[in-house]
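Overview (structure and organization)
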Amino acid sequence: MSAVSSRLPVFPWDRLEPYKATAAAHPDGIVDLSVGTPVDPVPALIRQALADAADSPGYPTVWGTAALRDALTGWVERRLGARGVDHTNVLPVVGSKELVAWLPTQLGLGPGDKVAFPRLAYPTYAVGARLAGAEPVEYDEPWELDPAGLKLLWLNSPSNPTGRVLSKEELRRAVTWAREYGVLLLSDECYLELGWEADPVSVLHPEVCGGSYEGIVAVHSLSKRSNLAGYRAAFVAGDAAVLGELLQIRKHGGMMVAAPVQAATVAALGDDTHVAEQRARYAARRSALRAAFEGAGFRIEHSEASLYLWATRDASCWETVGELAKRGILVAPGDFYGEAGERFVRIAFTATDERVEAAVRRLAE
């Protein structure tokens, strides 16, 4: 039996463990700014919805309840500005990472097919291609790609790791190009509600897609905007034909969101207050960390959105990781996201206020 894992690189976060141990040895403890996992409480109304749905002895459906689909379509129209969104245009998924990793396989891609993604990108785009046996392809601008054999094109705005936001014009040009060559376009928009110096736009906005969802799918997550990383609550929206095919495949695979999580998602998408409160927390942490790192000689590039600062001192990322670890601060090396990030580090501002304050003090020493 062949080992599928042989197609994959070493899990990147395993390489960070020695630096994590160094940072944890700091007398005042570690300040972990590496992974970007939420640390603030799950909002009370979401926890209540989860608890109220805890008595769910039957199997949930892959497509979700009608109430969930109503919540998804309503949010997509209200928040993204999309028009005419039907239940057939939405599909809940078990966290966005699962969707990214298994989408090429579920779409039947394999040897001879190509999956394209930004040169600096979330590593799971490449993992998804490799799991399917397809070829991962990096790009600087999507419309400069060779379309031969290209079946799937990933956009990511706001970007992980850089925080770069694509303009309406850039998104529209990518959609036009993908449609011209019959390439399915997936837009990872999981940080869309976390714009700081830019207002991120969805690929589903009519000024981008022309009012048609043909050939385009947007990916959204509740992990960051609602502190639900532990719930694995996410969804896709867009081309009904593509989502219909995925629905049939996922039914056979039993890929269903737990019933209490479906109820929690309905509550989360129906409330904007907790999102605004969480944004305010992140904005304060971002401001404090940016000033501290710039004061310590770092240059911040892009970072106009998302939960990260993309920072450099024009040194090797691993050298920077090592020096910060000695101060008890753990960050992610930029080469986790591609060779182009070799002289950068990604700094998450998802730590508690107390830990952020500790990092600020240490950087000033």
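Up top is the structure.
Here goes a summary of the coordinates provided. Each chain has its residues counted from 1, following the order in which its sequence is written. The predicted nature of this model means local features are confined to residues of pLDDT at least 70 and side-chain atom pairs, given and counted, to a pLDDT of 80 or more, with totals for whole chains, interfaces and linings taken over all residues. Excluding hydrogens and water, the side-chain values take into account all heavy atoms of the structure.

**Notes on the overall build of the protein**
To keep things clear, this is the line we draw: Under the scheme used here, helices are H or I runs from DSSP no shorter than 4 residues and strands are E runs no shorter than 2 residues, and both carry numbers assigned from the N terminus. It is over C-alpha atoms that the radius of gyration is taken, and the globule rule equals 2.2 Å times the number of residues to the power 0.38. To sort residues, take the accessible area from a 1.4 Å probe on protein chains only and compare it with the maximum for the residue type: under 20% means buried, over 50% means exposed, and anything in between is partly exposed. Throughout, a residue-residue contact means that at least one pair of heavy atoms, one from each residue, lies within 4.5 Å. When charges are counted, Lys and Arg are positive and Asp and Glu negative, with His and the chain ends excluded. Just so you know, the charge point we use is NZ for Lys, CZ for Arg, CG for Asp and CD for Glu.
A count of helices and strands for the protein gives 12 helices and 13 strands. For 365 residues, the compact-globule estimate of 2.2 N^0.38 gives 21 Å, and the protein sits close to it at 20 Å. If one aligns the C-alpha atoms of the protein with their principal axes, the spans along those axes are about 55 × 50 × 50 Å. Evaluated residue by residue, the protein yields a buried proportion of 55% over its 365 residues. Counting only contacts in the protein whose residues sit at least 6 apart along the sequence, the fraction spanning at least 24 positions is 75%. The averaged location of the 46 negative side-chain charges in the protein is 2 Å from the averaged location of its 37 positive side-chain charges.

**Thoughts on empty space enclosed by the protein**
To keep things clear, this is the line we draw: The rule is simple: put a 1 Å grid over the protein atoms alone, call a set of points where a 1.4 Å probe fits but cannot get out a cavity, call an open set with protein on both sides within 12 Å along at least five of seven lines a pocket, and count a residue as lining if it has an atom within 4 Å of a point. Grid points are joined across faces, edges and corners, and a volume is the space filled by probe spheres set on the points.
On inspection of all chains with the given rule, the structure shows 2 cavities of 30 Å³ or more. In this structure, the largest cavity encloses a volume near 90 Å³. Taken together, 14 residues line the largest cavity, and the ones lying closest to its centre are C190, E193, H220, S221 and R225. Within this model, the second largest cavity holds a volume of roughly 50 Å³. Around the second largest cavity, the lining residues are L68, L72, P92, V93, L222, A233, A234, F235, V257, V261, Q262 and T265. For the lining of the second largest cavity, the leading source of residues is helix α9 (residues 259-269), giving 3 residues.

**Quick word on the nonpolar core**
Applicable threshold: By nonpolar core is meant a set of buried Ala, Val, Leu, Ile, Met, Phe, Trp, Tyr and Cys residues that side-chain atoms within 4.5 Å join together.
In terms of nonpolar packing, the biggest core is built from 67 residues, with L33 and W154 touching the most fellow members. Of all the elements, helix α11 (residues 317-326) adds the most residues to this core, at 5 residues. In contact with W154, other than residues within four places in its own chain, are L99, V100, L103, V115, A116, F117, P118, Y125, Y139, L186, D188 and V219. Of all hydrophobic cores here, the second largest spans 47 residues; its members include Y139, W143, L204 and A268.

**Brief notes about the layout of surface pockets**
Filter applied, for reference: Classification convention: Asp, Glu, Lys, Arg as charged; Ala, Val, Leu, Ile, Met, Phe, Trp, Tyr, Cys, Pro as nonpolar; all other residues, Gly among them, as polar.
A volume near 1,100 Å³ is recorded for the largest pocket. W13, K97, Y122, P123 and T124 are the residues nearest the centre of the largest pocket, which is lined by 44 residues in total. Examining the composition of the lining of the largest pocket, we find that 5 residues originate from one element, helix α5 (residues 124-132), more than from any other. Grouping the constituent residues of the lining of the largest pocket by class yields 24 nonpolar, 9 polar and 11 charged. For the second largest pocket, the calculated volume is near 380 Å³.

**What to know about unusual backbone geometry**
Among all residues except glycine, the phi angle is most often negative; among peptide bonds, the trans geometry is most common. Of note, the amide linkage connecting S157 to P158 takes the cis form, showing an omega dihedral of 0°. Mapped onto the secondary structure, P158 falls in the loop between β5 (150-156) and α6 (168-181). With an omega of 25°, the peptide bond running from N160 to P161 counts as cis. Structurally, P161 is set in the loop between β5 and α6. We note that H302 has phi near 50°; this positive angle belongs to a residue other than glycine. Take H302: it is sitting in the loop between β9 (299-301) and β10 (308-312). A residue is classified by how much of its surface remains accessible, and H302, at 40% relative accessible area, is partly exposed. One non-glycine residue with positive phi stands out, namely D314, at about 60°. Turning to its location among the elements, D314 is positioned in the loop between β10 and α11.

**Some remarks on the sheet that holds strand β7 (residues 216-221)**
What counts is decided by this rule: The rule for pairing is simple: two strands pair if DSSP sees at least two bridges between them. Here, axes are lines fitted to C-alpha atoms. For helices the fit covers the stretch in contact, and angles between N-to-C directions go from 0 to 180 degrees.
Within the open sheet, the 7 strands sit side by side as β2-β8-β7-β6-β5-β3-β4. Their pairing is mixed. Here the strands that pair on one side only, and so sit at the sheet edges, are β2 (90-93) and β4 (135-139). Going from strand to strand, the sheet's axes swing by 20° on average, the running direction of each strand aside. Note that strand β3 (residues 114-118) and β4 share 5 bridges and pair parallel. Note on β4: the bridge partner recorded for K114 is E135. On the sheet, helix α4 (residues 96-106) packs against β2, β3, β5, β6 (184-188), β7 and β8 (234-238) and is oriented at approximately 160° with respect to β5.

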